[in-house]
Amino acid sequence: MKDYLVKAFAYSKTVRLYAAVTTNLVEDARKIHDTWPAATAAFGRTLTASLIMGALLKGDQSVVIQIDGKGPIGKIIALSNARGEVKGMVSNPHVNLSTNEGKLAVGKVVGNDGFLRVTKDLKVKDIYTSSSKLQTGEIGDDFAFYFAMSEQIPSSVGLGVLVSPDGNVISSGGFILQVLPGVSNETINMLEKNITNMKPVSDLLQNGFSPEDLINEITKGDYKIIESMDVKYVCDCTLARFAKGLISLGEIELQEMIDKDEIVEVICQFCNKKYDFSISDLRNLKLEAKSSNKD
Ligand code: ZN
């Protein structure tokens, strides 16, 4: 199944429900970052939630998610936009822990002594930043808590990543459900019951559930699809962007690099693409740093 995301309304537009299958893109992320199983699960859940949050935006708006629970994985960062694109990184990809039942211990790898921070660029004057305390480090609970506390939107978040014994991603995806003003108590009770009785998201996805199937399972058929979109792991890095970063280091630091007389290799932390800057490139960048200083 290809990766895609579905947006739906349910219960006479009193509930918003977005679901996505992200198996291929989380496998792409695993290969790029060489994450070990529990890190893959933590990263995959974060990428999936981030994509869904991106899909809640519009136009060229974007969102950055940062999770730092002081666990062995360190920081998890994900950036996404309204076009279904996501990229991210983790500080320590080579971590893996299991629970006593032999499941991937996502909460332990992430830790829960820290914050989930959301930065939205809504293309208006100010950047919106908000954060909430991590609850369990299991990611889904932490996003639900964030929506309730920081955005005052009661939400349910289900995320799942299944990893094979050899480390490949078997299935990945999830949903974010939000209740909107005017929702009835009956609807809330019914949704709570449906979600409590549901199998874990990763099990459903392994059984071939599509985003529509997830939505159907949660709403028992009472929904209307409004949009479907492809989702993918994309890095938009360019040589020009890294050149700008080098220029911002300033003349003195660039001269130190030139004096070393070695090619400078810069590696993108989101996609591992390498960019080389020769000594003559560095000299040109130094000239640019000099002229930008005069401005
Ligand atoms: Zn890149």
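What you are looking at is a predicted structure, and each value in this text was computed from that prediction instead of being measured.

Asker: Please clarify how the sheet that holds strand S3 (residues 62–68) should be interpreted in this entry.
Answerer: Across a sheet, strands are paired by hydrogen bonds formed along the backbone, either parallel or antiparallel in direction. Strand order in the open sheet formed by 6 strands is S7-S6-S3-S4-S5-S11, with mixed pairing between adjacent strands. Both edges of this open sheet fall to strand S7 (128–133) and strand S11 (232–233), since each of them pairs with a single strand only. In the sheet, strand S5 (residues 85–90) pairs with S11 via 2 bridges, with the strands oriented parallel. For Glu85, the partnering residue across the bridge sits in S11 and is Lys232. Helix-sheet contacts for helix H4 (residues 140–150) involve S3, strand S6 (115–121) and S7, and the interaxial angle to S7 is about 120°.

Asker: I'm lost on the packing of helix H5 (residues 185–197) against helix H7 (residues 211–219) in this one. Help?
Answerer: As a packed pair, H5 and H7 sit with axes 8 Å apart at the nearest point and diverge in direction by 120°. Between H5 and H7, the angle is such that the two are oblique. Residues Leu191, Asn194 and Ile195 of H5 lie in contact with H7, whose contacting residues are Glu217, Ile218 and Thr219. When the residues that make up the contact of H5 with H7 are grouped by side-chain class, the tally is 3 nonpolar, 2 polar and 1 charged.

Asker: Just checking my understanding: could you explain the domain arrangement of the protein for this structure?
Answerer: The parts lose accessible area when they come together, and the size of an interface is often stated as this lost area. Taken domain by domain, the protein comprises domain 1 (4–233) and domain 2 (239–294). A straight line from the C-alpha centre of domain 1 to that of domain 2 covers 37 Å. Between domain 1 and domain 2, the contact holds 7 residues from the first and 5 residues from the second. For domain 1, the biggest contributors to the area lost against domain 2 are Ile32, Lys87 and Met89; these three give 72% of the whole. For the interface between domain 1 and domain 2, the tally reads 0 salt bridges. One can count 3 residue pairs in polar contact (both at pLDDT 80 or more) joining domain 1 with domain 2. Of all the secondary-structure elements, those providing two or more residues to the side of domain 1 that touches domain 2 are helix H1 (23–33) and S5. At 3 residues, S5 tops the list of elements feeding residues into the side of domain 1 that touches domain 2. In the side of domain 1 that touches domain 2, the residues fall into 4 nonpolar, 2 polar and 1 charged.

Asker: When you look at the coordination of the zinc ion in this model, what are you seeing that I'm missing?
Answerer: Here the zinc ion is held by the protein donor atoms Cys235 (SG), Cys237 (SG), Cys268 (SG) and Cys271 (SG), which lie 2.2 to 2.3 Å from it. Each of the 4 donor atoms bound to the zinc ion contributes to angles spanning 103 to 115°, and the resulting shape is tetrahedral. Considered as a linear motif, the donors of the zinc ion on their single chain read C-x1-C-x30-C-x2-C. Of this pair, Cys235 sits in the loop between S11 and helix H8 (239–247) while Cys271 sits in the loop between strand S12 (264–267) and strand S13 (274–277), and the two are 36 residues apart along the sequence. The exposure class of Cys235 is partly exposed, given its relative accessible area of 21%. On the accessibility criterion, Cys271 (21% relative accessible area) is partly exposed.

Asker: Sorry if this is basic, but what is going on with the sheet that holds strand S8 (residues 155–163) here?
Answerer: Spatially, S8-S9-S2-S1-S10 is the arrangement adopted by the 5 strands of the open sheet, whose pairing is antiparallel. Looking along the sheet, the strands with just one partner apiece sit at the ends: S8 and strand S10 (223–230). Strand-to-strand twist in this sheet, taken as the mean axis angle between neighbours without regard to direction, amounts to 10°. In this sheet, strand S2 (residues 15–21) lies alongside strand S1 (residues 4–10) in antiparallel orientation, the contact comprising 7 bridges. Within S2, the residue paired with Phe9 across the bridge is Arg16. Lying over the sheet, H4 contacts S8 and strand S9 (169–179), oriented at roughly 160° with respect to S8.

Cut-offs applied
- Just so you know, the residues in each chain are numbered from 1, in the order the chain's sequence is written.
- pLDDT decides what is reported in this predicted model: residues at 70 or higher carry local features, side-chain atom pairs at 80 or more are listed and counted, and totals for whole chains, interfaces and linings draw on all residues regardless.
- Only hydrogens and water are set aside when side-chain values are computed; all heavy atoms of the structure are taken into account.
- Criterion used throughout: strands pair if DSSP finds at least two bridges between them.
- The way it works is that DSSP assigns letters per residue, a run of H or I at least four long becomes a helix, a run of E at least two long becomes a strand, and they are numbered from the N terminus.
- By the convention used here, residues are in contact when the closest approach between their heavy atoms is within 4.5 Å.
- Under this scheme, a helix contributes an axis fitted over its contacting stretch, all axes are lines through C-alpha atoms, and angles between N-to-C directions fall in the 0 to 180 degree range.
- Oblique is the label for every angle not falling under 35 degrees (roughly parallel), over 145 degrees (roughly antiparallel), or within 65 to 115 degrees (roughly perpendicular).
- In the scheme used here, Gly and all other residues not listed as nonpolar or charged are polar, with Ala, Val, Leu, Ile, Met, Phe, Trp, Tyr, Cys and Pro taken as nonpolar and Asp, Glu, Lys and Arg as charged.
- For every domain, the bounds stem from an assignment made automatically or drawn from a database.
- A simple way to read buried area is as the amount of 1.4 Å-probe accessible surface that goes missing from two parts once joined, with both sides added.
- Every case where a carboxyl oxygen of Asp or Glu lies within 4 Å of a side-chain nitrogen of Lys or Arg is listed as a salt bridge.
- Polar contacts, as used here, are pairs of N or O atoms within 3.5 Å; protein pairs need one atom able to donate a hydrogen and one able to accept it. Residues neighboring in sequence count only if both atoms are side-chain atoms.
- For Na, K and Ca the donor cut-off is 3.2 Å, and for all other metals it is 2.8 Å, counting N, O and S atoms only; because water is absent from this set, sites may look incomplete.
- Only four donors with every angle between 85 and 135 degrees are called tetrahedral; only four or six donors with opposite donors over 155 degrees apart and all others between 65 and 115 are called square planar or octahedral, in that order; all others are irregular.
- To sort residues, take the accessible area from a 1.4 Å probe on protein chains only and compare it with the maximum for the residue type: under 20% means buried, over 50% means exposed, and anything in between is partly exposed.

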